[in-house]
Amino acid sequence: MAENLKQGSLISFEGIEGCGKSTQIVMLAERLRRQGLEVVISREPGATALGQELRHLLLDPAHNPDALTELLLYLADRREHCLRVIRPARIRGALVLIDRFIDSTWVYQGFAASAADAGSREAVSAKIIDNLNRLVVGPDWPQLTFLLDCPARIGLERARRRNQETGAVGIADRFEQRHLDFHEQVRAGFLHLAEIERERFRVIDAQQEIDYIHDCIWQEFSGRILG
Ligand code: TMP
């Protein structure tokens, strides 16, 4: 992909809980805005009004949906997100930075779910997830994906600290409540994807200092997107 991808580019950030995606997205957006570019920051689930309601249902520990049900709810959120937020922004020529996208579904509802749920829920195959993702997303496939990688223990500790700081102690969502093993599977799933989609993924060591991580992202980003 040699062309200048700046206008209408779609960049996703992926990784386990507490890997620092949101901090890095804000840092990158600020730097790009200082250069006069229009940047839209978004996230999944919950980027639209309907998506907010879906997010609430999806993360509520009171529910334990079947894997396919869960997948369809995430995809419903994504379809609204693409049509109402991502596509209009890209058509305007804005650069879109998303906190979680297609790869989280492949990892959480596919790779990690099948390992964690062995026997208890019928896992959805990677092929079905891929086909449905393509149907839902259409032209809005990310050009570049940053995987912020760190051990699950470190990410979860950071997520716990963040919850304490924001006063959200004791209300860990349905995913945060799961065991370390599950989060290690999530990490392995992302690394596996990055390995098979080397052209799109850039793996960043999320255990480094925040400013250092930002510099790594900036270097990759400017080489690839700003051309
Ligand atoms: P977060 O916005 O705090 O990262 O929480 C979103 C949670 O939803 C997170 O645990 C990952 C999960 N998730 C999926 O399981 N599948 C998906 O497709 C997406 C976008 C998120």
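Placed above this text is the structure.
These remarks concern the structure in this document. Predicted model, so just to flag it, every value in this text is computed and none were measured.

What counts and how
Residues numbered from 1 in each chain as written. Predicted model: local features only at pLDDT ≥ 70, side-chain atom pairs only at ≥ 80, totals over all residues. Heavy atoms only, no water. Helix = DSSP H or I, 4+ residues; strand = E, 2+ residues; numbered from the N terminus. Rg over C-alpha atoms; globule rule 2.2 N^0.38 Å. Buried < 20%, exposed > 50% of the residue type's maximum accessible area, 1.4 Å probe, protein only. Contact = heavy atoms within 4.5 Å. Areas by Shrake-Rupley, 256 points an atom, 1.4 Å probe, with all protein chains shown as cover. Lys, Arg positive; Asp, Glu negative; His and termini not counted. Charge placed at Lys NZ, Arg CZ, Asp CG, Glu CD. Salt bridge = Lys/Arg side-chain N within 4 Å of Asp/Glu carboxyl O. Axes fitted to C-alpha atoms, helices over the stretch in contact; angles between N-to-C directions. Parallel < 35°, antiparallel > 145°, perpendicular 65-115°, else oblique. Left-handed = near helix turned anticlockwise from the far one by under 90°. Nonpolar A, V, L, I, M, F, W, Y, C, P; charged D, E, K, R; others polar. Near = heavy atom within 4 Å. Expected span 1.5 Å × (residues − 1). Arc of directions from axis to C-beta. Core = buried A, V, L, I, M, F, W, Y, C linked by side-chain atoms within 4.5 Å. Phe/Tyr/Trp six-rings, centres within 6.5 Å; stacked < 30°, edge-to-face > 60°.

Tallying secondary structure elements over the protein gives eight helices and five strands in all. Across the protein, helices and strands are ordered from the amino to the carboxyl terminus as β-α-β-α-α-β-α-α-β-α-α-β-α. Computed over its C-alpha atoms, the radius of gyration of the protein comes to 17 Å, within 12% of the 17 Å expected for a compact globule of 227 residues. Its C-alpha atoms give the protein principal-axis dimensions of roughly 50 × 35 × 35 Å. Across the 227 residues of the protein, 50% fall into the buried class. Summarising the internal contacts of the protein: among those between residues at least 6 apart in sequence, 82% fall at separations of at least 24. For the protein, the computed accessible surface area is about 11000 Å², with 52% contributed by carbon and sulfur atoms. In the protein, 29 positive and 33 negative side-chain charges are present, and the distance between their average locations comes to 3 Å.

Right, let's get into the pattern of salt bridges. Any two side chains of opposite charge can pair, so long as their charged atoms come close to each other. On inspection of all chains with the given rule, the structure shows 16 salt bridges. A salt bridge links Asp130 to Arg134, with the shortest nitrogen-to-oxygen separation between them at 3.3 Å. Taken together, the residues span about one helical turn, with Asp130 and Arg134 both in helix α5 (residues 126-137) at a distance of four residues. Owing to a relative accessible area of 26%, Asp130 belongs among the partly exposed residues under this scheme. In this structure, the salt-bridge partner of Glu197 is Arg200, at a minimum N-O distance of 3.0 Å. In this structure, a network of salt bridges that share partners links the residues Arg87, Arg90 and Asp140.

For the rest of this paragraph, the subject is the packing of helix α3 (residues 67-92) against α5. Packed helices, taken two at a time, are described by the angle between their axes plus the distance between the axes. Contact pair α3 / α5: the axes reach a minimum separation of 9 Å and the direction vectors enclose 30°. The pairing of α3 with α5 is recorded here as roughly parallel in orientation. Considering how the two elements wind past one another, α3 and α5 form a crossing that is right-handed. Contact residues: α3 offers Leu71, Leu75, Arg78, Arg79, Cys82 and Arg87, while α5 offers Ile129, Leu132, Asn133, Leu135, Val136 and Val137. Residues of the contact of α3 with α5, tallied by class, amount to eight nonpolar, one polar and three charged.

With respect to spatial proximity, 13 residues lie near the ligand, and among them Glu17, Tyr74, Arg100, Thr105 and Gln109 are the closest. For the ligand, whose free accessible area comes to 480 Å², the fraction covered by protein is 93%. Of the residues that constitute the shell around the ligand, the class distribution is five nonpolar, three polar and five charged.

At a closest axis distance of 9 Å, the pairing of helix α2 (residues 49-59) and α3 adopts a crossing angle of 160°. Taken together, α2 and α3 sit at an angle that is classed as roughly antiparallel. In the packing of α2 onto α3, the handedness of the crossing is left-handed. Between α2, through Leu50, Gly51, Leu54, Leu58 and Leu59, and α3, the contact on the second element is made entirely by Glu70, Leu73, Tyr74, Ala76, Asp77 and Glu80. In terms of residue class, the contact of α2 with α3 is built from seven nonpolar, one polar and three charged.

What sets the pattern is the α-helix's 3.6 residues per turn: residues three or four places apart point alike. In a regular helix each residue adds 1.5 Å, so 17 residues correspond to 24 Å; helix α7 (residues 180-196) covers 25 Å between its end C-alpha atoms and thus fits that length. Taken together, the buried positions of α7 are occupied by Phe182, His183, Val186, Arg187, Gly189, Phe190, Leu193 and Ala194. Seen end-on, α7 carries its buried residues on one side only, within an arc spanning 155°. The outward face of α7, more than 90 degrees from its buried face, is lined by the exposed residues Asp181 and Ile196.

General note: in soluble globular proteins, nonpolar side chains tend to be found buried as a group. Counting residues in hydrophobic clusters, the biggest one holds 57 residues, and the most contacted among them are Ile11, Phe13, Leu32, Leu97, Phe146 and Phe221. Among the elements that take part in this core, α3 stands out by supplying seven residues, more than any other. For Phe13, the contacting residues outside a window of four places in its chain are Lys21, Gln24, Ile25, Leu28, Leu97, Ile98, Asp99, Arg100, Phe146, Leu148 and Ile217.

Centre distance and the angle of the planes are the two values used to describe a pair of aromatic rings. Going through the model one piece at a time under the given rule, you end up with five aromatic pairs. Ring centres of Tyr108 and Phe182 lie 6.0 Å apart, and the angle between their planes is 55°; on these two criteria the pair is classed as tilted. Taken together, the residues Tyr108 in helix α4 (residues 102-116) and Phe182 in helix α7 connect sequence positions 74 residues apart. Side by side, Tyr108 and Phe182 carry an identical accessibility label, which is buried.

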